[in-house]
Amino acid sequence: MTVSVGPGTNNLWIENVACGPGHGISIGSLGKDLIEAGVQNVTVKNCDIYRHSKWAKNKVMGETKQWFCQKNILFQHAVMKNV
């Protein structure tokens, strides 16, 4: 399983998820467009990531300095296995 969080995501809770192989849990790409909704209030807890070295990725690009991209992002108790 792969979890991808895109622009405009708010108040997301991810818990007890097993990911892999693949991209694990990623936020983005954000900032591709000049005016784009950010991502805020995301909690990731107690997740297992299998066979992937980049388990948590945040990708920001473009002209995002005018707007917030990410706010209140929490990763807690993630375990990487068979990396």
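Residues numbered from 1 in each chain as written. Predicted model: local features only at pLDDT ≥ 70, side-chain atom pairs only at ≥ 80, totals over all residues. Heavy atoms only, no water.

Undergrad: Help me out: how do you make sense of the pairing of strand E5 (residues 39-45) in this one?
TA: As judged from the five bridges shared by strand E2 (residues 10-15) and E5, these two strands associate in the parallel manner. Following the sheet pairing, Trp13 is matched in E5 by Thr43. Of the pairings in the sheet, the one linking E5 to strand E8 (residues 70-76) comprises six bridges and is parallel in character. When the bridges of E8 are listed, Val44 appears paired with Phe75. (Pairing = 2+ DSSP bridges. Helix = DSSP H or I, 4+ residues; strand = E, 2+ residues; numbered from the N terminus.)

Undergrad: Whenever I open this one, the nonpolar core confuses me. Can you help?
TA: One recurring pattern in soluble globular proteins is that nonpolar side chains are buried together. Core analysis: the biggest nonpolar cluster contains 14 residues, and Val3 and Ile25 have the highest contact counts within it. Put simply, the parts of the chain that give this core at least two residues each are strand E1 (3-5), strand E4 (25-30) and E5. When near neighbours in sequence (up to four residues on either side) are disregarded, Val3 contacts Ile14, Val17, Cys19, Gly24, Ile25 and Ser26. (Core = buried A, V, L, I, M, F, W, Y, C linked by side-chain atoms within 4.5 Å. Buried < 20%, exposed > 50% of the residue type's maximum accessible area, 1.4 Å probe, protein only. Contact = heavy atoms within 4.5 Å.)

Undergrad: Please clarify how the pattern of salt bridges should be interpreted in this entry.
TA: Side chains bearing opposite charge may pair, as long as their charged atoms lie close to each other. Summed over all chains, the structure comprises one salt bridge. In this structure, the salt-bridge partner of Lys81 is Asp48, at a minimum N-O distance of 3.5 Å. With Lys81 in strand E9 (residues 79-81) and Asp48 in strand E6 (residues 48-50), this residue pair connects regions lying 33 residues apart in the sequence. On the accessibility criterion, Lys81 (31% relative accessible area) is partly exposed. Taking relative accessible area as the criterion, Asp48 reaches 22% and is therefore assigned partly exposed. (Salt bridge = Lys/Arg side-chain N within 4 Å of Asp/Glu carboxyl O.)

Undergrad: What's the story with the sheet that holds E6 in this structure? I'm lost.
TA: Think of a sheet as strands paired side by side through backbone hydrogen bonds, with each pair either parallel or antiparallel. Across the sheet, which stays open at both edges, the three strands sit in the order E3-E6-E9 with parallel pairing between neighbours. Looking at the sheet topology across the chains shown, the edges are occupied by strand E3 (18-19) and E9. Inspection of the sheet shows E3 paired to E6 by two bridges, in the parallel sense. For Cys19, the partnering residue across the bridge sits in E6 and is Ile49.

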